[in-house]
Amino acid sequence: MSKRKIISLTVLITLAILVVTPFAYVKVNKMIYAHRVTEYLIEQKNYSSEEIASVEGVWSIKLPPFLAIVKFKDEPDVEYIYFAHNDVIQFSHRISEEAQKKGKTKSHLKHFVPMIL
């Protein structure tokens, strides 16, 4: 193999690694955050896995860059937003427009945890 082919191959591999690394970083962190929040809900908040409809790790444009969105089976029209950087905390929630039109408010939420400042 010529020296030129070796250099070209090295450059190509380096570029491929530089392109793939950010995508892998985001994918892995979304999985880690979803796992942290799932463990927190089951182990510390004593939810069963049957009560949880989904936990999705999300890369956010805003800070912090990673969070998890949780939906519970008994409240599918609400998304609870959790941060899992140092400690896991419920940061916010989103009530679907349809549920809001039916009169659902924060006072009706079953899994809302007020933040203590």
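That block above? That's the structure.
These figures come from a predicted structure and were not determined experimentally.

So, the side chain of Gln 90
Logical step 1: Take Gln 90: it is sitting in strand β4 (residues 88-95).
Logical step 2: Among the residues examined, Gln 90 registers a relative accessible area of 6% and is labelled buried.
Logical step 3: Among the polar contacts made by the side chain of Gln 90, one reaches the side chain of Tyr 82 at a distance of 2.9 Å.
Logical step 4: Here His 111 takes part through its backbone oxygen, which lies 2.9 Å from a polar atom of the side chain of Gln 90.
Logical step 5: In contact with Gln 90, other than residues within four places in its own chain, are Tyr 80, Ile 81, Tyr 82, His 111, Phe 112, Val 113 and Met 115.

A short note on unusual backbone geometry
Logical step 1: Of note in this structure, Asn 46 is not a glycine but carries a positive phi near 60 degrees.
Logical step 2: Following the sequence through the fold, Asn 46 ends up in the loop between α1 (3-44) and β1 (52-59).
Logical step 3: Given a relative accessible area of 62%, Asn 46 falls into the exposed group.

A closer look at the sheet that holds strand β2 (residues 66-72)
Logical step 1: The 4 strands are arranged β1-β2-β3-β4 in an open sheet whose pairing can be described as antiparallel. Of all strands in the sheet, those bounded by a partner on one side alone are β1 and β4. Adjacent strand axes in the sheet meet at a mean angle of 25 degrees when their direction is disregarded.
Logical step 2: Summarising the sheet, β2 and strand β3 (residues 75-84) pair through 4 bridges and their orientation is antiparallel.

Some details on the environment of Phe 91
Logical step 1: With respect to the helices and strands, Phe 91 occurs in strand β4.
Logical step 2: Phe 91 gets classed as partly exposed once you look at its relative accessible area, which sits at 43%.
Logical step 3: For the pair formed by Phe 91 and Lys 102, sequence separation is 11 residues and the distance between their alpha carbons is 24 Å.
Logical step 4: The contact partners of Phe 91, leaving out residues within four places of it in the chain, are Ile 81, Tyr 82, Phe 83 and Met 115.

Thresholds, definitions, all that
- Residues numbered from 1 in each chain as written.
- Predicted model: local features only at pLDDT ≥ 70, side-chain atom pairs only at ≥ 80, totals over all residues.
- Heavy atoms only, no water.
- Helix = DSSP H or I, 4+ residues; strand = E, 2+ residues; numbered from the N terminus.
- Buried < 20%, exposed > 50% of the residue type's maximum accessible area, 1.4 Å probe, protein only.
- Polar contact = N/O pair within 3.5 Å; in protein donor to acceptor, adjacent residues only side chain to side chain.
- Contact = heavy atoms within 4.5 Å.
- Pairing = 2+ DSSP bridges.
- Axes fitted to C-alpha atoms, helices over the stretch in contact; angles between N-to-C directions.

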